[in-house]
Amino acid sequence: MVPKILRSETTYRGRAFSVRRDEVRFPDGHETFYDIVDHAGAVALVPVDPSGKIWMVRQYRHSTAQVILELPAGTLEPGEPPEACAARECREEIGMAPGRLELLGEGFLAPGYSTEYMYFYLATDLSPSPLEGDQDEDLLVELVDPGQAQTMLASRDLVDVKTMAGLFLALPRLADMARRG
């Protein structure tokens, strides 16, 4: 079932990812090519303040030609542990340091063509501690009530899949936190 890689060549190297072309042979002898996006991995955060509000960011995404509402997220630096990346991105994107990070889930974002693996964290015990953000980001921070987030999910107002996944992972945990007070 697993094909043999006959040849692999990097065809593009960029700032955030590279692309490689693999020539493979399946056990039945069939040969084909796969173009794969090699990505270092990423994190997405569901930052929640003591009042239960979720901190999100609105930003322009050139590939979509839209300004969209998303969870804070970012790419792992080479050798950087996911939890360290999560803490850094929280500070860069919303200006808050998480006192606590809880891994909610993890997985491949688009396994059909990409190696990108994402870690989803619940970030709580937030305190002001801004870091300078990336030059290519112009972010507007928005606080969203969990009920409003559920409404946005149900009404399809959110178009970013990592945000949808992060909220679906976090909302049961947030409801449990709200019940406990």
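Residues numbered from 1 in each chain as written. Predicted model: local features only at pLDDT ≥ 70, side-chain atom pairs only at ≥ 80, totals over all residues. Heavy atoms only, no water.

A. Structural context of the nonpolar core. Ranked by internal contacts, the top residues of the largest apolar core, which has 22 residues, are Val46, Ile54, Met56, Leu158, Leu167 and Leu174. For this core, the elements supplying multiple residues, two or more each, are strand E4 (42-47), strand E5 (54-61), strand E9 (117-128), helix H2 (146-154) and helix H3 (161-180). Counting residues per element, this core draws most heavily on H3, which supplies four residues. Non-local contacts of Leu167, meaning those with residues more than four positions away in its chain, are made with Ile54, Met56, Leu71, Ala149, Leu153 and Leu158. Core analysis: the next-biggest nonpolar cluster, separate from the first, contains 15 residues, Val43, Cys85, Met96 and Tyr121 among them. (Core = buried A, V, L, I, M, F, W, Y, C linked by side-chain atoms within 4.5 Å. Buried < 20%, exposed > 50% of the residue type's maximum accessible area, 1.4 Å probe, protein only. Helix = DSSP H or I, 4+ residues; strand = E, 2+ residues; numbered from the N terminus. Contact = heavy atoms within 4.5 Å.)

B. Quick peek at the packing of aromatic side chains. Summed over the entire model, instances satisfying the criterion amount to three aromatic pairs. The interplanar angle of 50° and the centroid separation of 6.0 Å between the aromatic rings of Tyr12 and Phe17 together place this pair among those described as tilted. Using a relative accessible area of 36% as the deciding quantity, one classes Phe17 as partly exposed. Centroid distance Tyr117 to Tyr119: 5.3 Å. Interplanar angle 70°. Geometry classified as edge-to-face. Put simply, the rings of Phe108, Tyr117 and Tyr119 touch in pairs and so form one group of aromatic residues. (Phe/Tyr/Trp six-rings, centres within 6.5 Å; stacked < 30°, edge-to-face > 60°.)

C. Spotlight on the packing of H2 against H3. Orientation of H2 relative to H3, taken along the N-to-C sense of each, is 140°, at an axis distance of 11 Å. Considered as vectors, H2 and H3 are oriented oblique to each other. Our pair here, H2 against H3, has a crossing hand that is left-handed. In this structure, H2 contributes Pro146, Ala149, Gln150 and Leu153 to the contact, and H3 contributes Met164, Leu167, Phe168, Leu171 and Leu174. The residue makeup of the contact of H2 with H3, split by class, is eight nonpolar, one polar and no charged. (Axes fitted to C-alpha atoms, helices over the stretch in contact; angles between N-to-C directions. Parallel < 35°, antiparallel > 145°, perpendicular 65-115°, else oblique. Left-handed = near helix turned anticlockwise from the far one by under 90°. Nonpolar A, V, L, I, M, F, W, Y, C, P; charged D, E, K, R; others polar.)

D. Focus on the pairing of E4. Of all six residues in E4, six are buried; the element is thus mostly enclosed. Of the two faces of E4, the one holding Ala42, Ala44 and Val46 and the one holding Val43, Leu45 and Pro47 are both buried throughout. Of the strand pairs in this sheet, E4 and strand E7 (residues 73-75) are connected by three bridges, and their pairing is antiparallel. For Val43, the partnering residue across the bridge sits in E7 and is Gly74. (Pairing = 2+ DSSP bridges.)

E. Just H2, in detail. Along H2, the positions that sit buried rather than exposed are Ala149, Met152 and Leu153. One side of H2 holds all its buried residues, which, seen down the axis, span an arc of 100°. The secondary structure elements touched by the buried residues of H2 are E5, strand E6 (66-70), strand E10 (140-144) and H3. Residue Arg156 follows H2 closely and has a positive phi angle near 65°. (Arc of directions from axis to C-beta.)

F. Focus on the sheet that holds E9. Strand order in the open sheet formed by four strands is E7-E4-E9-E8, with mixed pairing between adjacent strands. Of all the strands in the sheet, the pair left with one neighbour each is E7 and strand E8 (96-108). Sheet twist, expressed as the average angle between the axes of neighbouring strands with direction ignored, equals 25°. Bridge count for E8 against E9 is 11 bridges, and the pairing is antiparallel. Paired with Gly107 across the bridge in E9 is Met118.

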